[in-house]
Structure formats: structure tokens, C-alpha cells
Amino acid sequence: MPDSTFQIEDPLLQQLHDEGKLRPEQCEEIFDEHERTGKSIRNVVLDMEALKEEDYLKAVANHLGCEMTHVDQEIDPKLIKSVPVGVARMYNVIPYRADDETVTLAVCDVPSPAAVDELLFVLSRDVSFVVAPHEDIEAAMTRYYGEESGSVNDLLSALESELEETGDRVENRSIDADTVDLEDLQEAASSAPVIRFVNLVLYQAVKDRASDVHFEPFEDEFKIRYRVDGALYEMSPPPKHLALPIISRVKVIAGLNIAEHRLPQDGRIQLNVAGSTIDFRVSSLPTQFGESVVLRILDKTNVSLDLDNIGLPEDIYDSFTDDIEKPNGIIIATGPTGSGKTTTLYSAMRRVNSIDRKLLTAEDPVEYDMEGIIQVPINEGIGLSFAGILRNFLRQDPDIILVGEIRDLETAQIAIQASLTGHLVFSTLHTNDAPGAITRLIDMGAEPFLISSTLEGVIAQRLIRTICPGCKKPYTPEDALLEELNLSRADVGDNPFYFGEGCNMCNFTGYRGRRGIFEYLRMNEPLRELVNQRSATVKLRNKATELGMRTLREDGIRCILDGYTTPDEVLRYT
């Protein structure tokens, strides 16, 4: 018998519980996993094998009050054309049938209310649904809309022709942001073609595993670029006159003021893209030729916040997991922006997060919501700095504290004080290597004896691109390359090096995905003595390597010999 008092936020999970298909604890576990990872309820239910797909689809059909079917019949090309590729891919829908007033779409999950509203607006007709297996929808998507690579270009052509056909006045009203009428701008930003185009750009970015999307207006052109695996790639540029409507559309969905284009603004977007909840952090910057807007993509389904999955070598993993279980001390992650420091520290926080510990974080900004951890965003504008928050943290009776970054002496001193009073403190610094973090703290003005008595370890890291498995080829390295890597022919033996020739899978770059390389400086008595003597970074590094620390370059060479990456990548980042 279902528990009549049980309540859960998701209406479909509530229905599955009320029908006796899922127990309360299953519903809670599924919802928690959905919130934590951003995966759709459907994917979590099927991954956990809580229900078979057929049973889940029946529940979705009951919930939507519609029929269950298969998308295996021939669909009229006119009907396919009525639902643009961007809309179909963004919301994972296939047009099934239509009449003069309604388009019936095949779905494999419950569409969100926001998605239904946008479908109604973009399609300019009423929308109804039928429920079909995911495989049917994927097959129909490929059959009728083709491969994904051409979809942005296709929509760009469709966007231009549609604007011409409808006589849309976007071109006339968007030449100058200073003179354009606000109502005209809002109308342009909310026109169906512009909405469809922006949705597809965001969809394509998520599908291509991009970390950032750049909208960049120049004097004679408007560029849109994706950052994938640390490198920027340009997509086919839209016409220059569409810059203002497209950027305004991004600002509208990010909750920014579209009338304000003289000051920088920050916002957030949360979208459901092909069944996953994706967060976008939005930053606008006024430039000479309009606003430059950058979206940082925070895709929880793409980021594993699990220490076992971030690629730590076994010896570093053992030392690091020992140190994060200590009752007090400071642990620092260091490296340039975009080197994965936040992911490493979040993974460490998740590992130590238990019901008997209180965890607090101060971040600028909060990147991922973590259940059971109190997270506070920095707001320098109202005086909410790292140092200010840290002081108040100590009154909140925490066990573990994460400070997004140690930027000044005051923050460093409070972090040290927190450690001395029995707290474990995680933080980051921007230095080239692990020993450099100690020198940076001393340069800030922190007392060496306090650093040596509180610091437990410094993990330095870089993200290097990995060779694409689709076009990976072996070769024999030349002596000059081995010399540059400080390797001998004997060190390499008969092991080949590898490179990527370039293929469709990797956009002809030869690389697909990234992995971390690490060095871990673990404090011990000889190192503490050197810190107390204010020794230079070189001395600290030499002593640490003498005591067994593997440098970033050496860890990179391990990745080359294991066939993960190329010498170019290791030489570039270490």
C-alpha cells in the first residue's frame, strides 16, 4: 500500500508512488540524484533500473493524458518542416501529426511547463503530445533532420530566409543600440526565428561539450565561438544586423536589463536541453561595437564530482584522500583559470560531506549546488568579501570550510586562524606549481611559521587535451623531441608515441576530451624547516622532488607514454 502521507516535489514521481510503482525511498533517491546531477527523472529511473522503459512511458502517457505509440510511420515532409531542427533537438520532440490548429509531438518524457510555453510560441499553434520510446525519437531525429553538424548552418539559412519572407524589421531596428526603441528591441529579441536560433546555438554548445559560448560583435561582423577542450572554435557567423536581437534574447532569458548596454551585467540561465538541466552563467561587457556576451556552461551531467573519476594518479589519490580526512589544516589547489581546481575541491568536499560534519563554502560565484553543504556567494558590491564571510563562518560552528580563493593577506590570516582553531580549510591560489603556492602566501605577508604549522598539502594541476580515439595513430619520436622532454631512448624503449590525424568526431583537431595532470606537495618536517627559513620556490621544489614528489611535467610524460596525449600538449602546459 502506498503511503498516503508521502509527498515529493516532482508530480510524475508522486504519481508513480501513488500507483504503487515506486516506494517512498526510491522516489527520494531518484529525485536527489536528479537534483545533484541534472539528469532527467527518466534517465535516473532507467539508470537505477527502478522501472522498465515501457512502464515509465505508460506513466508519462497517463500523466499527460495521451496515447502511447511508435514513431515508425512515414511523416509528411511539410510537417517535419513546420518544426525547425533547433526546436526538435532542443526539446527532443518529433512532429507526429497536425491539423490546422494543433501540432501533435512525440516525446519520451514529460516536457517542462517552460518548454510547453516556448513550443506554443515558436510553433504558433496549439501543441498536444503522444508518448514514444526514446529509440524511436532518436531514429526519427536522424532520419528526418540528419546529422547534427549541419544543424546550425541549416537554421542560419532558414533564419535569414524567414526574416526576408516575413518582412521582419529586425535589420532596420537593430543597427544602433543607442537609438533603437526599447519596444522594437523586445519585439526583435522575442521573434520566433531569433528564439529558435539562440536555442539551437545553446543546444549545439552543450552537445559539443563546450565550456563557454562567446557572442562577439565587431565593426563588420558578428562572431559566435565555442570553447571546446580549452580551444576556441568559430561557427558560421550570423549577419551583423542580427547581433543586437540575438544578444538581447540571451539577456532576456538570463534576466538581464536589455535597456542597459553601457555597464557590465551578470546573470544565470537554467535550461532543459535534450532531457538534462543545464546552468549557464552569463556575463555581458560593453565594447566599442556593442555588447560582448559570454556564457559559461555548467553541465552537471558532464562533470563528475567524484574523486575516483577525476584522474588522480594512485599515489596522489592515496595521499590526498588521507589529508582531506584530517580534522584540521589547510589544503590548497593551485593552477591557472580553467585548470579544474574547483572540480577537484568540490570532489574533495563531496567525499568528506557526511551527516556528522558541517560544511560551509564561500565562492565567487557558486558554480554547482551541492546538497548538504551551505554555499555563500561573494558580493564585493555590498562588502561581502572572502575575508568578511570567513569571519562570520567561524561563528557558524563549521567543521570544514571552502574559501573560493585566497586573494589577500586578510583572507590568508583568517584561513590560518580557522585551521589553528580546529577546522579543515580548502582553498585555491593561482600559481604555476605546488611549491609556488607556499612562496605566494609568504609574499602576501603570512608568517612562515604559521604556514608551516597549518598547511597539509598543495595540489597543482592542468587540463591537457586527450588524443581522439577515432583517429589515434602511433609514431616513433625523434631524438630532438625526447631531449626536449628530458627523456632518453632507453626511457621510452619500444613504446610508440601517439597523435590524432583529425576526423569528424574531433572536428579535425586530433583531440577529444581532456584529463588532468597533477603534482602533490605533501608537507613534512624537512619541508616545514625550509618554509620557516623563507626558502625560495626552487629549493622547496628540489627538496619535494627529492622526497618523492612527481612534477607536472613528469605526470604529463606518464600520460604521453600511456598513449593519452601528445608531447605538444605536455610541453604547452608544463
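The numbering scheme is per chain: residues are counted from 1 as the chain's sequence reads. Local features are withheld for residues below a pLDDT of 70 in this predicted model, meaning they are given only at 70 or higher, and side-chain atom pairs are given and counted only at 80 or more; totals for whole chains, interfaces and linings count all residues. Computation of side-chain values: all heavy atoms of the structure, hydrogens and water removed.

Novice: Where do I start with a negative patch on the surface in this structure?
Specialist: What makes a patch is a set of residues exposed beyond 30% relative accessible area and free of salt bridges, joined within 9 Å when like-charged and within 5 Å when nonpolar (Val, Leu, Ile, Met, Phe, Trp, Tyr). Only the protein chains shown count as cover for residues, and all accessible areas are computed by the Shrake-Rupley method using a 1.4 Å probe. For this document, the term salt bridge refers to a Lys or Arg side-chain nitrogen within 4 Å of an Asp or Glu carboxyl oxygen. For the charge count, each Lys or Arg is scored as positive and each Asp or Glu as negative, with His and the chain ends excluded. Taken as the charge centre is NZ of Lys, CZ of Arg, CG of Asp or CD of Glu, depending on the residue. A cluster of acidic side chains, namely Glu9, Glu28, Glu29, Asp32, Glu35, Asp369 and Glu371, defines a negative patch on the protein surface. For Glu35, the position within the fold is in helix α2 (residues 24-37). The buried label goes to any residue with under 20% of its type's maximum accessible area, the exposed label to any with over 50%, and the partly exposed label to all in between, with areas taken from a 1.4 Å probe on protein chains only. Overall, Glu35 belongs to the partly exposed group, its relative accessible area being 47%. The way it works is that DSSP assigns letters per residue, a run of H or I at least four long becomes a helix, a run of E at least two long becomes a strand, and they are numbered from the N terminus.

Novice: Sorry if this is basic, but what is going on with the sheet that holds strand β7 (residues 265-273) here?
Specialist: For sheets, the rule is that strands pair by backbone hydrogen bonds, running either parallel or antiparallel. Think of it this way: DSSP has to see at least two bridges between two strands before they count as a pair. In space, the six strands of this open sheet follow the order β6-β5-β4-β9-β8-β7, with antiparallel pairing throughout. Of all the strands in the sheet, just β6 (231-234) and β7 have a single pairing partner and so form its edges. The mean inter-strand angle of the sheet, taken between neighbouring strand axes irrespective of direction, is 25 degrees. The contact rule is simple, with two residues in contact once any of their heavy atoms fall within 4.5 Å. Every angle, taken between N-to-C directions, lies between 0 and 180 degrees, and every axis is a line fitted to C-alpha atoms, over only the stretch in contact when it is a helix. Packing against the sheet, helix α12 (residues 192-207) makes contact with β4 (210-217), β5 (222-228), β7, β8 (276-287) and β9 (290-298), and its axis sits at approximately 25 degrees to β5.

Novice: Please explain the side chain of Glu405 as it appears in this structure.
Specialist: As for its position among the elements, Glu405 is in the loop between β13 (400-403) and α17 (409-420). As used in this structure description, the phrase polar contact means that two N or O atoms lie within 3.5 Å; if the pair is within protein, one of them must be able to donate a hydrogen and the other to accept it, and residues adjacent in sequence are counted only when both atoms belong to side chains. Within the local environment of Glu405, its side chain forms a polar contact with the side chain of Arg407, the two groups lying 3.3 Å apart. The contacts of Glu405, once residues within four sequence positions are left out, are Phe386, Thr411, Ser427, Thr428 and His430.

Novice: Please clarify how the UniProt feature "domain: Bacterial type II secretion system protein E" (unreviewed entry) in the protein should be interpreted in this entry.
Specialist: The sites that carry the UniProt feature "domain: Bacterial type II secretion system protein E" (unreviewed entry) are, in the present numbering, residues 394-408. Secondary structure content for residues 394-408 is 0% helix and 27% strand, and the end C-alpha separation is 18 Å. UniProt positions are given in the numbering used here, feature names are shortened, and annotations may be inferred rather than shown by experiment.

Novice: Would you mind showing me how to read the domain arrangement of the protein here?
Specialist: By a frequent convention, interface size equals the accessible area lost on bringing the separate parts together. Where each domain begins and ends is defined by an automated method or by a domain database. The assigned domain composition of the protein is domain 1 (11-51), domain 2 (77-146), domain 3 (152-164 + 180-299) and domain 4 (307-462 + 515-551). Computed over C-alpha atoms, the centres of domain 1 and domain 2 are 25 Å apart.

Novice: It is not clear to me how the sheet that holds strand β15 (residues 455-467) should be interpreted in this structure. Could you clarify?
Specialist: Spatial strand order, β12-β11-β13-β14-β10-β15-β18: seven strands in an open sheet with mixed pairing. What marks the edges here is a single partner per strand, and that holds for β12 (374-377) and β18 (511-522). Each adjacent strand pair in this sheet contributes to an overall mean axis angle of 15 degrees, direction not counted. Direction of pairing for strand β10 (residues 329-334) relative to β15: parallel, over a ladder of five bridges. If you follow Ile331 over to β15, its bridge partner there is Gly457. With respect to the sheet, helix α14 (residues 314-323) is in contact with β10, β14 (424-429), β15 and β18, its orientation differing from that of β18 by roughly 60 degrees.

Novice: Where do I start with the environment of Lys207 in this structure?
Specialist: Along the polypeptide, Lys207 turns up in helix α12. Residue Lys207 is classed as partly exposed on the basis of its relative accessible area of 40%. Remark: the alpha-carbon pair of Lys207 and Val45, spanning 162 residues in sequence, is separated by 22 Å.

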